[in-house]
Amino acid sequence: MEPLRVAVIGVGHLGRHHARILAGLSGVRLVAVVDLIRERAQEAARPAGARVCTDFREVLDEVDAVTVAVPTSSHGEIARPFLERGAGVLVEKPMASSVAEADDLVAAASASGAVLAVGHTERHNPAIRAVTPLVTMPRFIEVHRLSGFPERSLDIDVVFDVMIHDLDVILSLVKSEVAAVEAVGVAVLTDRFDIANARLRFASGCIANITASRISRDKIRKIRFFQPDTYISVDYAKQEVEGWRLVRGDGPRPKIEGGKLPVTRGEPLALEIEDFVAAVRGKRAPLVSGADGRRALELAQRVAKAMTGEGNEERGTRNEERGVRGEE
């Protein structure tokens, strides 16, 4: 089988890891690394001996697939020409600057038959994969995603920076439409919302309470699921899962059984890229499709609008449009 020819476009905070992983994948040839900063591209390309470019147009007709890890305001401009040519595209989250742009990318992929994947890495987290079959009837979900002050993505709200990971995970597990959204955000250290809380109510009656912060002294990434007779806790960072359930027997009191569940650990980003490569090779849907990315973006925009209050539609619109201009 011929090696899959892949290029990485954008090698900032996240893209350089794309290049590292692709350079080591069997059956893949990293043919080019593209970045506006040539020195940065050279550093990422050196281990694989890949070509260095500063303009993505130079590789449009030379690849079978690309990963796109540039600021989100450029996602549509860069991803669409590859999709139109039938090349697979893995675009980092959030997938686009607006739902309309996301729809455009989904349509381009559908028209050419190209694979379009979105980089919601937590869906590839082995801990989430382990609990997916177990979360069958969630009634309450609690999320805490807290971290210290970052050095990137400070021109976007914390909703689009980090909360969107959990929105995507929850949407994949709760098989119901979001009926209502309540949210509050506070700009503490920047002029964007640095801490946010969202309360989602699903048509099924499930409630999800999500807190995201980039100004915490502690680093916490946990999600908890409560459903009839069952409690499941996931530590994203440690890739650990605990599950407890009520067992009703013949005695007067039910028993509580459970403990840590087995998780085969792995690097979520590497698993994501491996899935993307396999999807392109097998002409199948990736784990996180363009439609999934579009749905998460739409919900993130609903949360951002709710944080501004119903009486400030102008600011809400700016939130929707700006959500996503930081470097990946």
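Residues numbered from 1 in each chain as written. Predicted model: local features only at pLDDT ≥ 70, side-chain atom pairs only at ≥ 80, totals over all residues. Heavy atoms only, no water.

Enquirer: Summarise the pairing of strand β2 (residues 28-34); cite the residues concerned and give the values.
Expert: The element β2 is extensively covered by neighbouring structure, given that six of its seven residues are classed as buried. Strand direction decides the pairing type here: strand β1 (residues 4-9) and β2, joined by six bridges, are parallel. Opposite Val-6, over in β2, you have Leu-30 as the bridge partner. Considered for its hand, the β-α-β crossover made up of β1, helix α1 (residues 15-23) and β2 is right-handed. Sheet topology places β2 next to strand β3 (residues 51-53); three bridges connect them, and they run parallel. Following the sheet pairing, Val-34 is matched in β3 by Cys-53. Each parallel crossover has a hand, and the one from β2 via helix α2 (residues 38-45) to β3 is right-handed. (Buried < 20%, exposed > 50% of the residue type's maximum accessible area, 1.4 Å probe, protein only. Helix = DSSP H or I, 4+ residues; strand = E, 2+ residues; numbered from the N terminus. Pairing = 2+ DSSP bridges. Right-handed = clockwise from strand over helix to strand, strands pointing away.)

Enquirer: A description of the environment of Gly-205 should follow, citing residues and the corresponding values.
Expert: Relative to the assigned elements, Gly-205 resides in the loop between β9 (195-202) and β10 (207-213). Judged by its relative accessible area of 32%, Gly-205 falls in the partly exposed class. Each C-alpha atom of the pair Gly-205 and Leu-90 lies 34 Å from the other, and the pair is 115 residues apart in sequence.

Enquirer: Describe the sheet that holds strand β5 (residues 88-92), naming the residues involved and giving the relevant values.
Expert: On the basis of which strands lie adjacent, the open sheet formed by six strands has the order β3-β2-β1-β4-β5-β6 and parallel pairing. The open sheet terminates on both sides in strands that have one partner only, identified here as β3 and β6 (116-119). The average undirected angle you get between the axes of adjacent strands in this sheet is 20°. As defined by bridge partners, β1 adjoins strand β4 (residues 65-68) across four bridges and the pair is classed as parallel. (Axes fitted to C-alpha atoms, helices over the stretch in contact; angles between N-to-C directions.)

Enquirer: Now, about helix α8 (residues 290-308): what can you tell me, with residues and values included?
Expert: With 19 residues, α8 extends 27 Å from end C-alpha to end C-alpha; this agrees with the ideal 27 Å at 1.5 Å per step. Among the residues making up α8, those that are buried are Gly-290, Gly-293, Ala-296, Leu-297, Leu-299, Ala-300, Gln-301, Val-303, Ala-304, Met-307 and Thr-308. Once α8 ends, the next one or two residues include Gly-309, with phi positive near 90°. (Expected span 1.5 Å × (residues − 1).)

Enquirer: Can you explain the packing of helix α4 (residues 99-112) against α8? Please cite residues and give values.
Expert: The contact between α4 and α8 brings their axes to 10 Å, and the two run at 175°. Here α8 runs roughly antiparallel to α4, going by the angle between their axes. Where α4 approaches α8, its residues Val-99, Ala-102, Asp-103 and Val-106 are matched on the opposing element by Gly-290, Ala-291, Arg-294, Leu-297, Glu-298 and Gln-301. In terms of residue class, the contact of α4 with α8 is made up of five nonpolar, two polar and three charged. (Parallel < 35°, antiparallel > 145°, perpendicular 65-115°, else oblique. Contact = heavy atoms within 4.5 Å. Nonpolar A, V, L, I, M, F, W, Y, C, P; charged D, E, K, R; others polar.)

Enquirer: Lay out the packing of aromatic side chains in plain terms, naming residues and giving numbers.
Expert: Applying the stated criterion across every chain, the model contains three aromatic pairs. Relative to Tyr-231, the ring of Phe-226 has its centre 4.9 Å away and its plane inclined at 35°; by these criteria the two rings are tilted. Phe-226 sits in the partly exposed class, given a relative accessible area of 33%. A residue is classified by how much of its surface remains accessible, and Tyr-231, at 25% relative accessible area, is partly exposed. Counting every residue linked through ring pairs, the aromatic cluster contains Phe-140, Phe-226 and Tyr-231. Across the ring face of Tyr-236, the terminal group of Arg-145 is positioned such that the distance to the ring centre comes to 4.6 Å. (Phe/Tyr/Trp six-rings, centres within 6.5 Å; stacked < 30°, edge-to-face > 60°. Lys NZ or Arg CZ within 6 Å of the ring centre and 35° of its normal.)

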